[in-house]
Amino acid sequence: METNPSREEIINRIAAAKQKLGGDLVILAHYYQNTDIVSSADFVGDSLQLARSASQQHNAKYIVFCAVSFMAQMARILCRPEQKVFHPNLEAKCPLAEMAVIGDVERAWSLLQKTGKKIVPVVYVNSRADLKAFCGRNGGFVCTSANAQKAMKYVLSLNAVPFFFPDENLGRNTAHAMGISDDEVLLWEPYENTPTGQAADIARKKVVLWRGFCYVHVAFKPSDVEDVKRTHGGINVIVHPECVPEVVRLADHVGSTSFIKNTVENAPAGSKWAIGTEINFVERIITDNPGKLIVPLKEWRCREMAKVTPLKFLNVLENLVEGREQPEVAVDEESAKYAGIALERMLTIS
Ligand code: 13P
Ligand code: SF4
């Protein structure tokens, strides 16, 4: 029976494969990825930065994308048709992205149309390609945690109601940050038979949200914030906006992965931070900022991001070197066309 190569061997073979592939290859990785993958990547970013980077990789023949699979699909949609996109494990699916499916969204959409209000669909990037395409077809766009407020402001400036899916917490935290109260928010229940009488109720709301959540970020509780503040006097708590509003309310700062990274990196030496987001990323910030006291608000790993292992990543690279067939990331033509429109709209407003 063949044994798995050691960590050191994997790292060396990744470097050797990268060298052989040279300029034909570009590796993009999300901040939540394993450190050995992040160290080998040409570009590391949050989902907005990765979308932009994928759209700018004009020279590479191969893009290897390390993250959950919807992000690799996003790269497929944004890069050139002749480029090939690979992902080390297409089974790495973000559960939040699976919480809205096209049939349910279309059912909600048709009821929302009956309110007579102008509604604009805004889909969080953590979503399937056909939902992004739905937004492209219906005058809407994609957003990420880094630009959700811009997206919502833009829709409200059109005198329209944003229909935001699938992350309720990001939608609610964004609405709160803009002074919109819970009374002005309608929560769409995708798993219930929404009574048609709700149409009148919807007409009085400023924002419609979908009931979806990230299991990693809802793990942070208000008591975690209270405990860390009690343990470390003067500590700053910074969290991702997929956390529940009760946690965001108690935190000192809220923002996307790149916002968290920049805020902590730019803080003075000796400052204290508790970070409420995925643990791979938090551990790296701790290593990269030795002069500060940094603790995780809780140690919580995204199991799906972790399905992209250094060994699987190495296999993709060595298959490319050896010219072995392997599955490419694919998005059907129709979805790619309209999802591309929604993604380009996002890049324009950001
Ligand atoms: P970012 O947009 O901050 O990269 O977040 C993506 C994500 O999946 C957070 O859980
Ligand atoms: Fe999805 Fe949450 Fe993992 Fe982000 S942390 S990829 S939203 S499950």
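Just so it is clear, the structure is predicted and the values come from calculations on it, not from any experiment.

Visitor: Sorry, what's going on with the nonpolar core here?
Guide: For soluble globular proteins, nonpolar side chains are generally found buried alongside one another. Judged by nonpolar contacts, the single largest core of 90 residues is most densely connected at M71, F163, F165 and W188. Counting residues per element, this core draws most heavily on helix α4 (residues 69-78), which supplies seven residues. Beyond its immediate stretch of four places on either side in the chain, M71 contacts H30, S47, L50, F65 and M305. Among the nonpolar cores identified, the runner-up in size contains 20 residues, and A17, I27, I37 and V308 belong to it.

Visitor: What exactly am I supposed to notice about the packing of aromatic side chains here?
Guide: The description of an aromatic ring pair rests on the distance of the ring centres and on the angle between the ring planes. Summed over all chains, the structure comprises nine aromatic pairs. Consider the rings of W109 and F134, whose centres lie 5.4 Å apart with planes at 85°: the pair is edge-to-face. Taken together, the residues span a long stretch of sequence, with W109 in helix α5 (residues 102-113) and F134 in helix α6 (residues 129-137) at a distance of 25 residues. Like W109, the residue F134 is buried in the burial classification. Taken together, the ring pairs in this structure connect W109, F134, F163, F165 and W210 into an aromatic cluster. The aromatic ring of Y338 is capped on one face by R137, whose charged end is 4.8 Å from the ring centroid.

Visitor: Before we go on, may I ask you to explain α4 in this structure?
Guide: Residues spaced three or four apart along an α-helix point in a common direction, a consequence of the helix completing one turn every 3.6 residues. The buried count for α4 comes to nine of 10 residues, which makes it a mostly enclosed element. Of the positions making up α4, those classed as buried are S69, F70, M71, A72, M74, A75, R76, I77 and L78. The elements touched by buried residues of α4 are β1 (25-30), α3 (47-56), β3 (62-66), β4 (84-86), α6 and α15 (333-349).

Visitor: Help me understand the site of ligand 1 in this model?
Guide: What surrounds ligand 1 is the set H30, Y32, D46, S47, N126, S145, H217, H240, E242, S256 and T257. In this structure, an oxygen atom belonging to ligand 1 sits 3.1 Å away from a side-chain N or O atom of N126. S145 is positioned with one of its side-chain polar atoms (N or O) 3.0 Å from an oxygen atom of ligand 1.

Parameters at a glance
- Residues numbered from 1 in each chain as written.
- Chains lettered and ligands numbered in written order.
- Predicted model: local features only at pLDDT ≥ 70, side-chain atom pairs only at ≥ 80, totals over all residues.
- Heavy atoms only, no water.
- Core = buried A, V, L, I, M, F, W, Y, C linked by side-chain atoms within 4.5 Å.
- Buried < 20%, exposed > 50% of the residue type's maximum accessible area, 1.4 Å probe, protein only.
- Helix = DSSP H or I, 4+ residues; strand = E, 2+ residues; numbered from the N terminus.
- Contact = heavy atoms within 4.5 Å.
- Phe/Tyr/Trp six-rings, centres within 6.5 Å; stacked < 30°, edge-to-face > 60°.
- Lys NZ or Arg CZ within 6 Å of the ring centre and 35° of its normal.
- Near = heavy atom within 4 Å.
- Polar contact = N/O pair within 3.5 Å; in protein donor to acceptor, adjacent residues only side chain to side chain.

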